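# What the coordinates show
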Amino acid sequence: METYPTLRQATGVARTLSKHSSCTMVVYRVTEEKFVTAHSSDQVNGTIEAVYRDGYVVPTLLSKTR
């Protein structure tokens, strides 16, 4: 798990890792200015913003709607 100050940074890392590592990555919000990128098997302690697989966002019931 890695922590980032903006959603944009966390999203970029999640997309890249999911594409190059062939894994599913989750981006979630811990506080207003703290976002975490984690593997799908890691524990989530916040609001899920998005899930990425193979470099693309995966729609899920757990993701925040925009």
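Given the structure is predicted, the values throughout are model-derived calculations rather than measurements.

Moving on: the overall build of the chain. Counting its secondary structure elements, the chain contains one helix and five strands. On C-alpha atoms alone, the chain measures out to a radius of gyration of 10 Å, which is about the 11 Å that the 2.2 N^0.38 rule sets for 66 residues. Principal axes of the C-alpha set define a box for the chain whose edges measure 30 × 25 × 20 Å. A total of 66 residues make up the chain; the buried ones form 36% of that total. Put simply, of all contacts in the chain between residues at least 6 apart along the chain, 45% involve residues at least 24 apart. With an accessible surface of roughly 4500 Å², the chain has 51% of that area assigned to carbon and sulfur atoms. Seen as two clouds, the 8 positive and the 6 negative side-chain charges of the chain have centres 6 Å apart.

Note that Thr-11 resides in helix H1 (residues 7-20). The class of Thr-11 is buried, set by a relative accessible area of 18%. Side-chain polar atoms of Thr-11 contact the backbone oxygen of Leu-7, separated by 2.8 Å. Contact partners of Thr-11, with chain neighbours within four places excluded, come to Val-27 and Tyr-52.

Looking now at the sheet that holds strand S3 (residues 34-39). Taken together, the five strands give an open sheet; going across it, the order is S1-S3-S2-S4-S5, and neighbouring strands pair in antiparallel fashion. Each of the sheet's edge strands pairs with one partner strand only, and the pair in question is strand S1 (2-4) and strand S5 (56-57). With three bridges joining them, S1 and S3 adopt antiparallel strand pairing. Residue pairing for S3: Tyr-4 is matched across the bridge by Phe-35.

Moving on to the side chain of Thr-37. Within the secondary structure, Thr-37 is located in strand S3. At 3.1 Å, the side chain of Thr-37 and the backbone oxygen of Ala-10 are in polar contact. The residues contacting Thr-37, other than those within four sequence positions of it, are Met-1, Glu-2, Tyr-4, Ala-10, Val-13, Ala-14, Met-25, Val-26 and Val-27.

So, how was this worked out
- Residues numbered from 1 in each chain as written.
- Predicted model: local features only at pLDDT ≥ 70, side-chain atom pairs only at ≥ 80, totals over all residues.
- Heavy atoms only, no water.
- Helix = DSSP H or I, 4+ residues; strand = E, 2+ residues; numbered from the N terminus.
- Rg over C-alpha atoms; globule rule 2.2 N^0.38 Å.
- Buried < 20%, exposed > 50% of the residue type's maximum accessible area, 1.4 Å probe, protein only.
- Contact = heavy atoms within 4.5 Å.
- Areas by Shrake-Rupley, 256 points an atom, 1.4 Å probe, with all protein chains shown as cover.
- Lys, Arg positive; Asp, Glu negative; His and termini not counted.
- Charge placed at Lys NZ, Arg CZ, Asp CG, Glu CD.
- Polar contact = N/O pair within 3.5 Å; in protein donor to acceptor, adjacent residues only side chain to side chain.
- Pairing = 2+ DSSP bridges.

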